[in-house]
Amino acid sequence: MSKIREIPLSFDADLPPATPDGRHWVVYTAKRDGAPFKWAGYVDAPDQELALQFAREHYGLDEACVGIICHEHAAATDGPYGLEPLQPGNAEGEDGQDWTVFTLLKRGGNHQTAGTVKAPDADTAIDRATTRFADGKIRSIRVVPNSQVFQTTESELLIWRTHDMTYKLAKGYSKDVRAKWSQFRDEQTYEQYRKEDIARHF
Amino acid sequence: MTMQTMLANPLASIVLMHADDLLMLGHVQSDWTGLAPILEEDIAASSMAQDDLSHALVLYQYLAEEFDLDPDAIAFDRDPADYRCCNLTTVPDEFDWAVSMCKRWLLSTYTKLGLDRLALVDEGDLGDRCARLRDESAIHVAHLGAWMIRLGTGSTESNERMQAALNLLAEEAGMMFEPPDLGFESDEGFCCGRGEMFDEWATLVGATLSEAGLQASFTLPDQAARGGRRGEHAGHFSEQHAEMTEVRRAEPATAW
Amino acid sequence: MSGAANPVTPPDITITADPEKLAEFEQRISDGVLIEPGDWMPDSYRALMLRMAEHHANSEIVGALPEGEWITRAPSMLRKLALTAKVQDEVGHGQMLYRVSQELGKSRDDMLRDLVTGKTKYHNCFNYPCPTWADIAMIQWLIDGAAIMNQKTLADGAYGPYVRTMNRINMEEAFHFKSGEDMVLTLMSGTRGQKSMAQEAFDRWWPIALMFFGPADKPNAEDLPPMKWRMKTERNDSLRQRFVNRFAPAAIDLGLIINVTTKDEHGLVTSATPDEELGLNQSTGNWSYTQPDWDEFWRVIRGNGPCNTQRVALRRLSYEQGAWVRRAIGEGAVAVPPAA
Ligand SMILES: [Fe+2]
Ligand SMILES: [Fe+2]
């Protein structure tokens, strides 16, 4: 295969016909059992089955992960996105379908799951979720019908691998790097350089 | 102990056979990183290539501890004739995603069965290691199997491409079951039975193929048929091995 | 590796938005409020943001190519795994940034088509060759190091989806940089051959890293859209100075010589002499250094660099060879019925 990287290539004048983009999915991962699902990223895929497969092999392997959910971008309704935290309202009720509620703790932060509410439509779901979850800190609420939130199943629980994955994490190199620097720099100079890395760059 | 002691050990040759398959599968597939047909699947395939390499490493580390060797030396510094990977794993895919897909699926299904068997071996922590790898190998089989069905049934064009890839690989596939060592000429010796494992593999593979609308027939080759498992590799393996070890060989006795 | 989002000064912008709305929009930005896709924004903001995110996405996936060349030759299991994961991360960054761009109004397929037909660009630094293993070490140390510095300032920008993506990406860039630092340290602790291989690669990548941040901004950059709208938050020259302050002393301590070089049309060094400008100014705390060859920068960005043709061609091959897979799943014969 690597030969393909070396040989000079030439092409016909025309590109193959365009292929439309897949549906857009939003992906959330949970670090531990019982922990909230936090926004991780996006995938494009024709259906939820492939969306979850793609999500597992990308975001599921970015850091320790025990579960993944996804929904279509179009299935989500975001409530107002104020400068100030949301005030709890008084909308209540138990009619309608179930909605998954995502909350945003700081503007510009990432959504995470908070629980569910019942409501006949998205706007009511946001109102009821505000009553339930606004606690003086939350900035915004997103709701998605439960029927449109898809989750990795029990039978495929293994996401994060059991073999050593520190080769793909910065912390996997810290000890070696420190030991090797000791040939070139004294401990104090190295320590200052490392601290500056953390404070200013990483 | 030496590399030769390890190579002469019957159980080690079974372990090496799987480790070398995984090394070369990961070697060839990792080269696709950045070039696959869909960005999302590029990432997924690369994750699985990293698993394959990691699994090979877990097995090399076991052997390294048993025989007091360096895992990298086992992985890279053997003579090509001392590798026990099968021919299928090294067949060049010529930048054809269908070949890459079919090859990985055929091999992962086989590897999963091999690890099932090695997981039962009571020899140090080999069984434990293989049980863990087997669970991850199952992820690959599920992912790749789903893709076989998607591409087999996706369009006439994709069905034809997948069928062509299978036609290219089917004959080599049987040679996965070549015994790696002369000590394993009998069925029983081959870590729980060569014929039984072939039947189990062919049944699993056949079920997915029929769901995918694809055809292939596989045969268990004669014990005497010699190939990669006994060090008789195709020419492309030597090229791959030379490329893989190019940097390492430039300054052999140093850390990289 | 990846991206200075947009090293080249954008074209002059005419802002045609409703002045009242524009004033409110700019006020929100200066208050530190993040702009979200559903919010009102001037058309020119949307266009510039798309241009920036698309350029960054292109840079990520083209950036996967030079290092991808060395995956098959990585000299140990650890390096092979790490390099594969690193190149994979860049593809992931590209995938996420294409999504940010899609939301600004252009399909991924259109972006890929424009990239492979040369209608859009990617970061200049990927038009240089990577002839030895030591180039991998230098790219991850210097270029990913530069990318982190740049992307940290971009994460301080004003467009919500881009900011979130930068924060996510920067976690992975830290791995790229650390792995690069480890490789450079290993080579410089190694044999004579390894050290000279590292020095030669350093000679190739030092000037590219200086160019990474782009040419100096206009004197009034703070009043012009990219900075006024917090699409970028620090001047190119100031980032470059921080980079030199951080990397020059580290290189010297490692025994690397910072040279001024000339290169041939293949991007290979034809002469190297120690940079006589180099030195720490005790009063400012800044290192002085010789500027890279900005004529070369413009030549390469106009398409005449050592590897421009090769990089675009390989991306195009990948796009064309993979079309049948995208068609097969796009037709969705096995697709589960869409959620209602
Ligand atoms: Fe990077
Ligand atoms: Fe990147």
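Refer to the structure presented above.
Residues numbered from 1 in each chain as written. Chains lettered and ligands numbered in written order. Predicted model: local features only at pLDDT ≥ 70, side-chain atom pairs only at ≥ 80, totals over all residues. Heavy atoms only, no water.

*Asks:* Tell me about the environment of T191(C), and name the residues and values.
*Replies:* Relative to the assigned elements, T191(C) resides in the loop between α6 (160-188) and α7 (192-212). When neighbours within four sequence positions are excluded, T191(C) is seen to be in contact with E251(B) and T254(B). A distance of 2.9 Å separates polar atoms of two side chains, one belonging to T191(C) and the other to E251(B). (Helix = DSSP H or I, 4+ residues; strand = E, 2+ residues; numbered from the N terminus. Contact = heavy atoms within 4.5 Å. Polar contact = N/O pair within 3.5 Å; in protein donor to acceptor, adjacent residues only side chain to side chain.)

*Asks:* Help me get a handle on the interface of chain C and chain A, residues and values and all.
*Replies:* Taken together, the 71 residues of chain C in the interface contact 59 residues of chain A. Summed over both sides, the interface between chain C and chain A buries roughly 6,000 Å², with carbon and sulfur atoms accounting for 58% of that surface. Sorting the residues of chain C by area buried against chain A places R99(C), R168(C) and K178(C) first, and these three jointly supply 11% of that buried surface. Our count for the chain C to chain A interface comes out at four salt bridges. The salt bridge involving D62(A) is made with R168(C); its shortest N-O contact spans 3.2 Å. There are 22 residue pairs in polar contact (both at pLDDT 80 or more) connecting chain C and chain A. Sorting the residues of the side of chain C that touches chain A by element identifies α2 (43-68), α3 (77-103), α4 (108-116), α5 (133-154), α6, α9 (236-254), α11 (308-321) and α12 (323-331) of chain C as the ones contributing at least two each. Residue contributions to the side of chain C that touches chain A peak at 16 residues, all from α6(C). (Buried area = accessible area lost by both parts, 1.4 Å probe. Salt bridge = Lys/Arg side-chain N within 4 Å of Asp/Glu carboxyl O.)

*Asks:* Which residues make up the pairing of strand β1 (residues 23-30) of chain A, and what values do they have?
*Replies:* Regular strands show a simple pattern: their side chains alternate between the two faces of the sheet. All names here are of chain A. With seven of its eight residues buried, β1 lies for the most part within the structure. Two elements, β1 and strand β2 (residues 38-45), share seven bridges in a ladder whose sense is antiparallel. Counterpart to T29 in the pairing with β2 is K38. (Buried < 20%, exposed > 50% of the residue type's maximum accessible area, 1.4 Å probe, protein only. Pairing = 2+ DSSP bridges.)

*Asks:* Give me the layout of surface pockets: which residues, what numbers.
*Replies:* The calculated volume of the largest pocket comes to roughly 630 Å³. Put simply, the parts of the chain that give the lining of the largest pocket at least two residues each are β1 and β2 of chain A together with α6 of chain C. Grouping the constituent residues of the lining of the largest pocket by class yields 13 nonpolar, eight polar and nine charged. Surrounding the second largest pocket, 22 residues form its lining, L169(A), A170(A), K171(A), M171(C) and A174(C) being those nearest its centre. (1 Å grid on protein atoms, 1.4 Å probe; cavity = no way out; pocket = protein on both sides within 12 Å on 5 of 7 lines; lining within 4 Å. Points joined across faces, edges and corners; volume = space filled by probe spheres on them. Nonpolar A, V, L, I, M, F, W, Y, C, P; charged D, E, K, R; others polar.)

*Asks:* I'd like a description of the coordination of the iron ion (ligand 2), backed by residues and values.
*Replies:* Residue and element names in this part refer to chain C. At 2.1 to 2.4 Å from the iron ion (ligand 2) lie its protein donor atoms, namely E60 (OE), E90 (OE), H93 (ND1) and E173 (OE). One way to put it: the four donor atoms around the iron ion (ligand 2) meet at angles of 79 to 160 degrees, and that makes the site irregular. Separating the iron ion (ligand 2) from the iron ion (ligand 1) is a gap of 3.5 Å, which E90 spans by donating to each of them. One end of the pair, E90, and the other, H93, are both in helix α3, three residues apart, so they sit about a helical turn from each other. Of the residues examined, E90 reaches a relative accessible area of 1% and is grouped as buried. (Donors = N, O, S within 2.8 Å, 3.2 Å for Na, K, Ca; no water. Tetrahedral: all angles 85-135°; square planar, octahedral: opposite > 155°, others 65-115°.)

*Asks:* Please provide a residue-by-residue account of unusual backbone geometry, values included.
*Replies:* The residue D68(B) is not glycine, and still its phi comes out positive at about 55 degrees. Inspection of the secondary structure puts D68(B) in the loop between α3 (39-67) and α4 (71-76). The exposure class assigned to D68(B) is exposed, which follows from its relative accessible area of 61%. With a phi angle near 55 degrees, R230(C) is a residue other than glycine that sits in the positive phi range. For R230(C), a relative accessible area of 29% corresponds to the partly exposed category.

*Asks:* An account of the packing of aromatic side chains is needed here, citing residue identities and associated values.
*Replies:* According to the stated counting rule, one finds 31 aromatic pairs over all chains in the structure shown. Arranged with centres 4.7 Å apart and planes meeting at 20 degrees, the rings of W32(B) and F95(B) form a pair that is stacked. Of the two residues, W32(B) is situated in the loop between α2 (10-30) and α3 and F95(B) in the loop between α5 (87-90) and α6 (97-118); the sequence distance between them amounts to 63 residues. Residue classification places W32(B) among the buried positions, given a relative accessible area of 3%. Summarising the aromatic geometry, the rings of W201(B) and F218(B) are spaced 4.8 Å apart at their centres and angled 70 degrees between planes, so their arrangement reads as edge-to-face. Remark: F218(B) occurs in the loop between α9 (194-212) and α10 (235-244) and W201(B) occurs in helix α9; sequence separation between them is 17 residues. The pair formed by W201(B) and F218(B) is uniform in burial state, with each residue classed as buried. Through a chain of ring-to-ring contacts, three or more aromatic side chains come together here, namely W141(C), F177(C), F202(C), W206(C), F212(C), F213(C), F243(C) and F247(C). The ring centre of Y42(A) lies 5.9 Å from the NZ or CZ of R99(C), which sits over that ring. (Phe/Tyr/Trp six-rings, centres within 6.5 Å; stacked < 30°, edge-to-face > 60°. Lys NZ or Arg CZ within 6 Å of the ring centre and 35° of its normal.)

*Asks:* Can you break down the pairing of strand β5 (residues 97-104) of chain A residue by residue, with the values?
*Replies:* Residues and elements named next belong to chain A. Across the eight residues that make up β5, a large majority, six, are buried. Bridge analysis of β5 against strand β7 (residues 140-145) gives six bridges, and the strand direction is antiparallel. Looking at the pairing, W99 lines up with P145 of β7.

*Asks:* Can you tell me about the packing of α2(C) against α4(C), naming the residues and giving the values?
*Replies:* Residue and element names in this part refer to chain C. In contact at an axis separation of 11 Å, α2 and α4 are set at 65 degrees when each is read in the N-to-C sense. Accordingly, the angle class assigned to the pair α2 and α4 is roughly perpendicular. The two elements α2 and α4 meet at a crossing, and its hand is right-handed. Across from E54, N58, I61 and V62 in α2, the residues of α4 making contact are M111, L112 and L115. (Axes fitted to C-alpha atoms, helices over the stretch in contact; angles between N-to-C directions. Parallel < 35°, antiparallel > 145°, perpendicular 65-115°, else oblique. Left-handed = near helix turned anticlockwise from the far one by under 90°.)

*Asks:* Requested: an account of the interface of chain B and chain C, with residues and values cited.
*Replies:* At the junction of the two partners, chain B supplies 47 residues and chain C supplies 47 residues. Summing both partners gives a buried area of about 4,200 Å² for chain B against chain C, and 67% of it is carried by carbon and sulfur. The largest per-residue losses of area from chain B upon contact with chain C belong to L39(B), F95(B) and W256(B), which jointly make up 18% of the total buried on that side. At the boundary of chain B and chain C, one finds three salt bridges. One salt bridge in this structure joins E157(B) and R327(C), with 2.6 Å as the shortest N-O distance. In this structure, the connection of chain B to chain C is made through 16 residue pairs in polar contact (both at pLDDT 80 or more). Taken together, the elements giving at least two residues each to the side of chain B that touches chain C come down to α2, α3, α4, α6, α7 (126-154), α8 (156-173), α10 and α11 (246-250) of chain B. For the side of chain B that touches chain C, the element with the most residues is α3(B), which contributes eleven residues.

*Asks:* Quick rundown of α3(B)? Include the residues and the values.
*Replies:* Residues and elements named next belong to chain B. Between its first and last C-alpha, α3 extends 42 Å over 29 residues, near the 42 Å set by a 1.5 Å rise per residue. Most of α3 is tucked away: 26 of the 29 residues are buried. One or two positions beyond α3, positive phi appears at D68, with a value near 55 degrees. (Expected span 1.5 Å × (residues − 1).)

*Asks:* I'd like to hear about helix α1 (residues 19-30) of chain C, residue by residue, with values.
*Replies:* Residues and elements named next belong to chain C. Between its first and last C-alpha atoms α1 spans 16 Å; for twelve residues at 1.5 Å apiece the expected length is 16 Å, and the two agree. All of the buried residues along α1 are L22, F25 and I29. Down the axis, α1 shows its buried residues gathered within 60 degrees of arc, on one side only. The outward face of α1, more than 90 degrees from its buried face, is lined by the exposed residues E20, E24 and S30. Residues of α1 that are buried sit in contact with α2 and α8 (225-228). The backbone nitrogen of E20 has a side-chain oxygen 2.9 Å away, supplied by the residue at the start of α1, namely D18. (Arc of directions from axis to C-beta.)

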